[in-house]
Amino acid sequence: MFNHLHLHTEYSLLDGLSRIPDVMDRVATLGQTSVAMTDHGALYGAVDFYKEAKKRGIKPIIGIEAYVAPESRHKKSESRSNNYHHLTLLAKNEIGYRNLLQLSTKSHLEGFYYKPRMDKDLLAEYGKGIIALSGCPSG
């Protein structure tokens, strides 16, 4: 059975359009049993996504489409182009969800340069319980 593992919601700034209740209605109509939320750079919609999925008996998979700095998240390059790559991260369990929260928070507080960026060091430190996908053209 097909299940979405890469989906942007209305919380995916400048990229998402799908309203969470509408997504869940469509997923239920199609008979899918799970769906992942992978908004760009943040987990703003995670709680709404989780609650709406649970209401309909759908397994919510919380994720993020991360911006990964090519070097250190602390290094600010003068050129904006190609300063990051995308990496889809999915929480495998509660530990993974907590680690996604850490990655998102630190990418905003420590790595923000036009976008909330993380780096390999953060991924190594907070990678437990997370599944990484590279299926994006910017990955």
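The numbers attached to residues start from 1 for each chain and follow its sequence in the written order. Since the coordinates come from a predicted model, pLDDT governs what is reported: local features require at least 70, and pairs of side-chain atoms require 80 or more to be given and counted, while whole-chain, interface and lining totals use all residues. To get the side-chain values, take all heavy atoms of the structure and skip hydrogens and water.

## A few points about the side chain of Thr 9
- Strands here mean DSSP runs of E at least two residues long; helices mean DSSP runs of H or I at least four residues long; both are numbered from the N terminus. As for its placement among the helices and strands, Thr 9 is situated in the segment before helix H1 (20-29).
- Among the residues examined, Thr 9 registers a relative accessible area of 1% and is labelled buried.
- Whether two residues are in contact is decided by their heavy atoms, any of which lying within 4.5 Å being enough. The contact partners of Thr 9, leaving out residues within four places of it in the chain, are Gly 16, Leu 17, Ser 18, Ile 20, Met 37, Asp 39 and Phe 49. Relative accessibility thresholds used throughout: buried, under 20% of the residue-type maximum; exposed, over 50%; partly exposed, between the two (1.4 Å probe, protein chains only).

## Quick word on a nonpolar patch on the surface
- Excluding any residue in a salt bridge, patches collect residues exceeding 30% relative accessible area, merging like charges within 9 Å and nonpolar Val, Leu, Ile, Met, Phe, Trp and Tyr side chains within 5 Å. All accessibility values rest on the Shrake-Rupley procedure with a 1.4 Å probe; residue burial counts only the protein chains present in the view. A side-chain nitrogen of Lys or Arg and a carboxyl oxygen of Asp or Glu constitute a salt bridge if their distance falls within 4 Å. A contiguous nonpolar patch, built from Leu 13, Leu 14 and Tyr 44 and spanning about 420 Å² of accessible area, is present on the exposed surface.
- By the secondary structure assignment, Tyr 44 is in the loop between strand E1 (34-40) and helix H2 (46-55).

## Observations regarding the nonpolar core
- The biggest cluster of nonpolar side chains holds 24 residues, and the ones touching the most others in it are Phe 49, Leu 89, Leu 100 and Leu 103.
- When contributions to this core are tallied by element, the ones reaching two or more residues are H1, E1, H2, strand E2 (59-68), strand E3 (85-91) and helix H3 (94-109).
- Beyond its immediate sequence surroundings of up to four residues, Leu 103 is in contact with Leu 89, Met 118, Leu 122, Leu 123, Tyr 126 and Ile 130. Among the buried residues, those of types Ala, Val, Leu, Ile, Met, Phe, Trp, Tyr and Cys that are joined through side-chain atoms within 4.5 Å form a nonpolar core.

## Comments concerning the packing of H1 against H2
- Here an angle of 0 to 180 degrees is reported between the N-to-C directions of two axes, which are lines fitted to C-alpha atoms, with helices fitted over the stretch in contact. Two elements in contact, H1 and H2, have axes whose closest approach is 9 Å; the angle formed by their N-to-C orientations is 35°. In terms of crossing hand, the pair formed by H1 and H2 is right-handed. Along its contact with H1, which presents Ile 20, Pro 21 and Met 24, the element H2 presents Asp 48, Phe 49, Glu 52 and Ala 53.
- Classes in brief: Ala, Val, Leu, Ile, Met, Phe, Trp, Tyr, Cys and Pro nonpolar; Asp, Glu, Lys and Arg charged; the others, Gly included, polar. Here the residues of the contact of H1 with H2 sort into five nonpolar, no polar and two charged. By the definition used in this description, the sense in which the near helix is turned from the far one sets the handedness, with an anticlockwise turn below a right angle giving left-handed and a clockwise turn giving right-handed.

## Description of the pattern of salt bridges
- Following the criterion strictly, the structure yields nine salt bridges and no others.
- A salt bridge links Arg 56 to Asp 25; the shortest N-O distance between them is 2.9 Å. In this pair, Arg 56 sits in the loop between H2 and E2 while Asp 25 sits in helix H1, placing the two residues 31 residues apart along the sequence.
- You can call Arg 56 partly exposed: its relative accessible area is 29%.
- The class of Asp 25 is partly exposed, set by a relative accessible area of 38%.
- Glu 94 is the salt-bridge partner of Arg 98, the closest N and O atoms lying 2.7 Å from each other.

## A closer look at the pairing of E1
- Among the seven residues of E1, seven are classified as buried, and the element is accordingly described as predominantly covered.
- By convention, a crossover is right-handed whenever its connection, traced from the first strand over the helix to the second and viewed with the strands pointing away, goes clockwise. Taken together, E1, H2 and E2 form a β-α-β motif whose crossover is right-handed.

## Some points on unusual backbone geometry
- Despite not being glycine, Tyr 114 shows a phi value in the positive range, around 70°.
- By the element assignment, Tyr 114 lies in the loop between H3 and strand E4 (117-118).

## What about H2?
- Within H2, burial applies to Ala 46, Phe 49, Glu 52 and Ala 53. Taken around the axis of H2, the buried residues stretch over an arc of 140°, which confines them to a single face. Residues of H2 that are exposed and angled more than 90 degrees away from the buried face: Lys 51 and Lys 55.
- Residues of H2 that are buried make contact with H1, E1, E2 and H3.
- Where H2 ends, the next residue or the one after it, Gly 57, has phi of about 75°, a positive value. Here the arc refers to the directions that run from the helix axis out to each C-beta atom.

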